[in-house]
Amino acid sequence: MDAKLKEYIDRLNKLNFKEMYENDFFLTWEKTDDEIEAVFTVADALRYMRENNISTKVFESGLGISIFRDNSTRTRFSFASACNLLGLEVQDLDEKKSQIAHGETVRETANMISFMADVIGIRDDMYIGKGNKYMHDVVDAVTEGYKDGVLEQKPTLVNLQCDIDHPTQCMADMLHIIHEFGGVENLKGKKIAMTWAYSPSYGKPLSVPQGVIGLMTRFGMDVVLAHPEGYDVMPEVEEVAKANAAKSGGSFTKVNSMAEAFKDADIVYPKSWAPFAAMEKRTDLYGNGDFDGIDKLEKELLAQNAEHKDWCCTEELMKTTKDGKALYLHCLPADINDVSCKDGEVEASVFDRYRAPLYKEASFKPYIIAAMIFLAKEKDPQAVLEALAERGIPRHFEG
Amino acid sequence: MDAKLKEYIDRLNKLNFKEMYENDFFLTWEKTDDEIEAVFTVADALRYMRENNISTKVFESGLGISIFRDNSTRTRFSFASACNLLGLEVQDLDEKKSQIAHGETVRETANMISFMADVIGIRDDMYIGKGNKYMHDVVDAVTEGYKDGVLEQKPTLVNLQCDIDHPTQCMADMLHIIHEFGGVENLKGKKIAMTWAYSPSYGKPLSVPQGVIGLMTRFGMDVVLAHPEGYDVMPEVEEVAKANAAKSGGSFTKVNSMAEAFKDADIVYPKSWAPFAAMEKRTDLYGNGDFDGIDKLEKELLAQNAEHKDWCCTEELMKTTKDGKALYLHCLPADINDVSCKDGEVEASVFDRYRAPLYKEASFKPYIIAAMIFLAKEKDPQAVLEALAERGIPRHFEG
Amino acid sequence: MDAKLKEYIDRLNKLNFKEMYENDFFLTWEKTDDEIEAVFTVADALRYMRENNISTKVFESGLGISIFRDNSTRTRFSFASACNLLGLEVQDLDEKKSQIAHGETVRETANMISFMADVIGIRDDMYIGKGNKYMHDVVDAVTEGYKDGVLEQKPTLVNLQCDIDHPTQCMADMLHIIHEFGGVENLKGKKIAMTWAYSPSYGKPLSVPQGVIGLMTRFGMDVVLAHPEGYDVMPEVEEVAKANAAKSGGSFTKVNSMAEAFKDADIVYPKSWAPFAAMEKRTDLYGNGDFDGIDKLEKELLAQNAEHKDWCCTEELMKTTKDGKALYLHCLPADINDVSCKDGEVEASVFDRYRAPLYKEASFKPYIIAAMIFLAKEKDPQAVLEALAERGIPRHFEG
């Protein structure tokens, strides 16, 4: 067997990820370190095989269902790419075209779309306390359907962004970091600044900063969360970050200054988000159908926002990072000064300098998703990877 | 060969369904008893093969076109699943994104979307006298296109619900009954009540009750159609039901009482529908662009409807069925009391008790659709089933 | 090997189309004669193989991205068919469902959707100076992404209609002509009339007449462009047509009379389009957000239009063509008198007589698109065609 592929398989052989089989992926901190490493390893292996023109299509037929309750480009295409890579055809549940409005319950819909579904990917990040719960409702429904003999297989859930975590994004970010730093073993003691940044738009999800502090505290790094007063994230996720840092030998710190966060940072992740408390309030107003209240809240938030235009990733700030060369991360799309808006999250020259690595960062997402599916669907992933290599069907037939 | 699969093939060997090859599926009563049984048998065989991880992908490439002129969840996903199971990629003709409004005729569109289409699935159930006709127009167009050398293959039509029949639904219902009662031979003399039930919504299609009485009268059962006065279905379908019953040794009766229908019934199918005469009137008003008339008609129908709130599948009524344990059917989604509406078709406790069998009922639809396609596309279906088993490609490659 | 397939491969062996590998398809006149012939030959070969049930699926996985910035039926389904024929799954970038509005740049989006994309098909024909430019922006972006290691492959671009050319349409038209006349060698001296025709609708794209004169002047034919005064096409495309005609030994003439164009014509292509100057003006008004100006312009154009109702492809005019039997072409849908509108581009009896050949004309488009992809993706197309035949996987498995 190919030496590189053998390396991936050897690494998997050292890990315990049995529990991932026929399981789901909600939040990174519900997974063990071994399980997280297994996702990274399978993602790298699948990418390696595709780059070497070896088909990793493990499904001859089967559907990958996507449910996007918010607009999406990259996550939508990443999910479609991941499904396609494994042989699943994407079928989007467009709730406008369905009969869900006509009294159908989540339990019912989940079963009705899953007769031949091997995976369900859901993005539902708009309302605090809702998205993750909805995903659990779907999983409970299909688990019951599978037990009842309604479904021939239990589709695995991939959380494509909820109100709490954005695991496919943060794991793609993390895999990018690992590759940039030449391996997870080189991350001990590195400083990463997850910091709030100004954007003229209101109410960006909290799942990215939460996902980042919930995941990146596991690798012995010094993780700093920076934001203006009042822009706190969910307290329970901060607790997760603290516990992770203690366990991994790193640290988790909170500051209210972008400058402090950037100082000597090896990695910076400046990005706008809405205050957790405000998002919670919005969810309540929405629940009560209080649209005047929502308008009023929005105005307050925009006014609050406008006071923090100085939270921008400038060239000046970048100079204060480690050797002036911190790795700049963003989940994209970024609000770029004088490009997408007057004042935004980042200066255009900074963004431009990091364009190629930013796109590379995004390119890991399809493989992260595919790895999550693969580990949930294959009982013996190492054996399947080996058998795929032996099978040797080219992805692209060239004669 | 696998004994179970041999059993399916042996059963097919006894049937004459030659006419199904390169043909279409409009209405169940246009098919012979042998043809109906062939669909059930192939559906079971395909399900059996999928459950045993044998790929039934007979198409390496090819499209399955769907045209939904009404919202749909389960039929949409059932069609997508069926196509995917056989190797066809679904391409939806979204009439809003097409140029149909710009003077394109049905004949033209039908050909333009069919160059590589092996199947066209259509749902068009909104207007009496329109849906089935539209399907015939499409079939006539592609038949001509095939003869003229425009199309390399004639796509087969699968009626995914028209104004007259809902064959994929009713055949899935029927296959569920057959499995629940341990074989079609056990159905003689069983009583099935297809009964109207109250729903706050107005104008549900007639195709389900019509499809049920048009199909289920063929198996020697005592079929009772119950509805309040004025809620008649199409008279020509009642004639079909009568003739079927006479031929099969069963019976077809009409009553105006839900209680009478439920009494000692083995199977109940309580479901709302609109009166045929009113639907016909609505179609005319629509044709004349008389929207005030439609509004007025709707109000009348809602008032008429409201008088029949007592037509509900209650626990009390269920107790009067055979041993108090009739099999409860519904095409879903159901209007459930105090769940989807205050007063509806069924009490929540009844619905909950039958949830698993209801979902199982729905799970047959993808296989019914796949069987219809398979029988229209394969000249020698038995040989192909056998060859697929011999080919032995796993649906899910597990190393 | 099959004699017919060998013939196609032999023909390809005589042509030089090396530059098409890993390249894109924007405008036909950017391609050499050999390259154009290679597209026709591969299209015929792929069609021949499909007709003989040989799978031409060269991709086990991979996406074909479509971006339609205007409604489309036939081009959408042609692209989907072409991708499916080669094994690529279509994923539509619906800009309404994406985050493009949120400050995402073309460069970014192009990369984000292309991680596993082998082809991108774009239709963007609404504004002069925009569509073709947009396609180049996309190609520049993915080319850079590929060089930067962001993308594992550079997706090839297929122009599905821009403001300048409609290469997949015009090449399908041309391949139809070639087949109707029994070979390209029989076209020398044939007269083809690309003529404006009246339509009640305003602002049809110029890409078809431009594409036609830009392509069909390459085969030694006498190409006549006819339109009322003021309905000129882009002057630079007329220059292309002149140069082509000079080189090919044919001619390119402009007249202001439909009768003159039809006289003794072997082929007629009567079709409405908007005046280039007006389209340019509209683009400027649109750029300035001057919607009143656009309304005013539209009224002027409709008034101007209404003066030319006599530009209609009548039976009378058809009689004046070569033996009264010119081949009638249209890209469809046509505006047919008393069918899609009172006065239109063509009389119903003329259209009806040519219905079968018109549909046949359209049927070449999927193969033209597939050939463009094939030639961009295969380093040695002849070897791959031969290997596909040897591989001998049936498109439709029949046991």
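Note that the structure is a prediction, hence the values are computed from the model and not measured.

## Focus: the overall build of chain A
Of the regular secondary structure elements, chain A holds 16 helices and nine strands. Taken over C-alpha atoms, the radius of gyration comes to 21 Å for chain A, in line with the 21 Å a tight globule of 399 residues would show. Considered along the principal axes of its C-alpha atoms, chain A spans approximately 55 × 55 × 45 Å. When contacts within chain A are restricted to residue pairs at least 6 apart in sequence, long-range pairs at least 24 apart make up 83% of them.

## Topic: helix H15 (residues 365-377) of chain B
Relative to the 18 Å expected for 13 residues at 1.5 Å per residue, H15(B) spans 18 Å between its end C-alpha atoms, a close match to the ideal helical length. Of all 13 residues in H15(B), 13 are buried; the element is thus mostly enclosed.

## Brief notes about the relation of the copies chain A and chain C
One chain copy maps onto the other through a rotation about an axis and a shift parallel to that axis. Overlaying chain A with chain C gives an RMSD of 0.0 Å, the required rotation being 120° about an axis along which the chain moves by 0.0 Å. The operation mapping one copy onto its partner corresponds to a three-fold rotation axis. Rotation axis and chain A: the residue whose C-alpha lies nearest the axis is A:Glu89, separated from it by 4.6 Å. An overlap of only 3% is found between the interface residues of chain A and their copies at the interface of chain C, pointing to separate contact surfaces.

## Section: the interface of chain A and chain B
Contacts between chain A and chain B engage 33 residues on the former and 32 residues on the latter. When residues of the side of chain A that touches chain B are traced back to their parent elements, those giving at least two are strand S2 (89-92), helix H4 (106-112) and helix H16 (381-391) of chain A. Within the side of chain A that touches chain B, the residues separate by chemical class into twelve nonpolar, eleven polar and ten charged.

## Comments concerning the interface of chain A and chain C
The interface of chain A with chain C comprises 32 residues on the first partner and 32 residues on the second. Secondary-structure elements contributing two or more residues to the side of chain A that touches chain C are helix H2 (33-51), helix H3 (74-86) and helix H14 (355-363) of chain A. It is H3(A) that contributes the most residues to the side of chain A that touches chain C, six residues altogether. Of the residues belonging to the side of chain A that touches chain C, the class tally is twelve nonpolar, eleven polar and nine charged.

## Focus: the relation of the copies chain A and chain B
Note on the identical chains: chain A maps onto chain B by a rotation of 120° and an axial translation of 0.1 Å, with an RMSD of 0.0 Å. A low fraction, 3%, of the interface residues of chain A reappear at the interface in chain B, so the copies pair through non-equivalent surfaces.

## Quick look at the domain arrangement of chain A
All names here are of chain A. Examined at the domain level, chain A breaks down into domain 1 (3-164 + 365-391) and domain 2 (169-362). One C-alpha centre belongs to domain 1, the other to domain 2; they are set 26 Å apart. Listed as interface residues are 18 residues of domain 1 and, on the opposing side, 22 residues of domain 2. Breaking the side of domain 1 that touches domain 2 down by element, the ones donating at least two residues are H2 and helix H15 (365-377).

## Some remarks on the sheet that holds strand S2 (residues 89-92) of chain B
One key point about sheets: their strands pair by backbone hydrogen bonds, in either a parallel or an antiparallel sense. Residues and elements named next belong to chain B. Across the sheet, four strands lie side by side as S2-S1-S3-S4; this open sheet has parallel pairing. The open sheet terminates on both sides in strands that have one partner only, identified here as S2 and strand S4 (156-159). On average, each strand axis in the sheet is tilted by 25° relative to the strand beside it, whichever way the strands run. This element, H15, spans strand S3 (117-123) and S4 of the sheet and lies at about 155° to S4.

## A look at the pairing of strand S8 (residues 267-271) of chain B
Residues and elements named next belong to chain B. Of all five residues in S8, five are buried; the element is thus mostly enclosed. Here S8 shows a buried face lined by Ile267, Tyr269 and Lys271 and a second buried face lined by Val268 and Pro270. Pairing geometry for strand S5 (residues 191-196) and S8, over five bridges, is parallel. Pairing of Trp196 across the sheet is with Lys271, part of S8. Of the pairings in the sheet, the one linking S8 to strand S9 (residues 327-328) comprises two bridges and is parallel in character. For Ile267, the partnering residue across the bridge sits in S9 and is Leu327.

## Focus on unusual backbone geometry
Each neighbour pair has its own omega, and for A:Leu332 with A:Pro333 the value is -5°, a cis peptide bond. With respect to the element layout, A:Pro333 can be found in the loop between strand S9 (327-328) and helix H13 (348-353). Its identity is not glycine, yet B:Asp264 carries a phi of approximately 60°, on the positive side. Along the chain, B:Asp264 falls in the loop between helix H9 (258-262) and S8.

## Remarks on the sheet that holds strand S3 (residues 117-123) of chain C
Residue and element names in this part refer to chain C. What the four strands build is an open sheet, ordered S2-S1-S3-S4; its pairing is parallel. Every interior strand has two partners, whereas the edge strands, strand S2 (89-92) and strand S4 (156-159), have only one. Across the sheet, the mean angle separating the axes of adjacent strands is 25° when strand polarity is ignored. In the packing of helix H5 (residues 131-147) onto the sheet, contacts are made with S3 and S4, and the angle to S4 comes to roughly 170°.

## A few points about the environment of A:Thr28
All names here are of chain A. Note on placement: Thr28 falls in the loop between helix H1 (3-13) and H2. Along the backbone, Thr28 and Asp163 are 135 residues apart, and their C-alpha atoms lie at a distance of 14 Å. Residues contacting Thr28, with those up to four places away along its chain left out, are Ile36, Asp165, Pro167, Cys170, Met171, Gly211, Gly214 and Leu215.

Definitions and cut-offs
- Residues numbered from 1 in each chain as written.
- Chains lettered and ligands numbered in written order.
- Predicted model: local features only at pLDDT ≥ 70, side-chain atom pairs only at ≥ 80, totals over all residues.
- Helix = DSSP H or I, 4+ residues; strand = E, 2+ residues; numbered from the N terminus.
- Rg over C-alpha atoms; globule rule 2.2 N^0.38 Å.
- Contact = placed C-beta atoms within 7 Å.
- Expected span 1.5 Å × (residues − 1).
- Buried ≥ 20, exposed ≤ 12 C-beta atoms within 10 Å, placed from the backbone.
- Least-squares fit on C-alpha atoms with pLDDT ≥ 70 in both.
- Nonpolar A, V, L, I, M, F, W, Y, C, P; charged D, E, K, R; others polar.
- Domains from an automatic or database assignment.
- Pairing = 2+ DSSP bridges.
- Axes fitted to C-alpha atoms, helices over the stretch in contact; angles between N-to-C directions.

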